[in-house]
Structure formats: C-alpha cells, structure tokens
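# Structural features, examined
Below are the chains, spelled out letter by letter.
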Amino acid sequence: MEKCDVDGCEEKADRISRLSPEGFLVGTGNKAYSFREAYKRFRYCTLHHDKLMKSVWSRVNEKGDKSDDHVAPTAI
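A short tour of the structure in this document, coming up. Because the structure is a prediction, the values reported are computed rather than measured. (Residues numbered from 1 in each chain as written. Predicted model: local features only at pLDDT ≥ 70, side-chain atom pairs only at ≥ 80, totals over all residues. Heavy atoms only, no water.)

## Focus on the overall build of the protein
Summing up its helical and strand segments, the protein has two helices and two strands in all. Secondary structure elements of the protein occur, N-terminal to C-terminal, as β-α-β-α. Out of the 76 residues in the protein, the part that is buried amounts to 25%. Counted over contacts in the protein with a minimum sequence separation of 6, partners at least 24 positions apart contribute 54%. Accessible surface for the protein amounts to roughly 5,900 Å². Of this, 52% is attributable to carbon and sulfur atoms. (Helix = DSSP H or I, 4+ residues; strand = E, 2+ residues; numbered from the N terminus. Buried < 20%, exposed > 50% of the residue type's maximum accessible area, 1.4 Å probe, protein only. Contact = heavy atoms within 4.5 Å. Areas by Shrake-Rupley, 256 points an atom, 1.4 Å probe, with all protein chains shown as cover.)

Shown next as structure tokens:
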C-alpha cells in the first residue's frame, strides 16, 4: 500500500480522493472525456482525509457574502 500524500506523513494511505491536500481539484493536463480522467488522484490516511473533508466543508458551509471574489474549493 502507498503512503499518504500529505507532506511528512508516513502512514499508509487507505483513502483516495480527487481533492489535493490543499482542498482543490487539480487537473491532469490531459485531454479528458470524464471527470475521472480530468483530475489527479491523491492518497490519504484516515486522519488526513478526515481533516481535509472538515476543512473543505467548513469553507463551503461558512456564512457570509457569497458574491465576493473568493475561489470555490473545487477551483483548478
């Protein structure tokens, strides 16, 4: 099994996600015909995957002016 993609983490990865450690989708740069082919895959241990999901959810769920210029968590 491969290790977690979070810098400094040596745990075995047991989760795969399309979200980078910073919480964004990252394009493969290849001509893609599906979502699956369009974005890179990242591997996470359970601890870092849970932290990532909490971080992304809190950004999406924050109250505030949604008409500002902040980039969406899924921006490339």
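## As for helix H2 (residues 46-61)
When the terminal C-alpha atoms of H2 are compared, their 22 Å separation across 16 residues agrees well with the 22 Å that a helix rising 1.5 Å per residue should span. Buried within H2 are the following residues: His48, His49, Leu52 and Val56. Seen along its axis, H2 keeps its buried residues to an arc of 100°; they face one direction. Of the exposed residues in H2, those oriented more than 90 degrees away from the buried face are Leu47, Lys51, Lys54 and Trp57. The elements touched by buried residues of H2 are strand E1 (15-17) and strand E2 (42-44). (Expected span 1.5 Å × (residues − 1). Arc of directions from axis to C-beta.)

## Comments concerning the nonpolar core
Ranked by size, the top nonpolar core spans eleven residues in total: Cys4, Val6, Cys9, Leu19, Leu25, Tyr39, Phe42, Tyr44, Cys45, Leu52 and Val56. Those elements that place two or more of their residues in this core are E2 and H2. (Core = buried A, V, L, I, M, F, W, Y, C linked by side-chain atoms within 4.5 Å.)

## Description of the environment of Cys45
As for its placement among the helices and strands, Cys45 is situated in the loop between E2 and H2. Assessed through its relative accessible area of 5%, Cys45 is described here as buried. Between the C-alpha atoms of Cys45 and Arg15, which are 30 residues apart in sequence, the distance is 6.1 Å. Apart from the residues lying within four places of it in its own chain, the contact partners of Cys45 are Cys4, Cys9, Glu11, Lys12, Ala13, Asp14 and Arg15.

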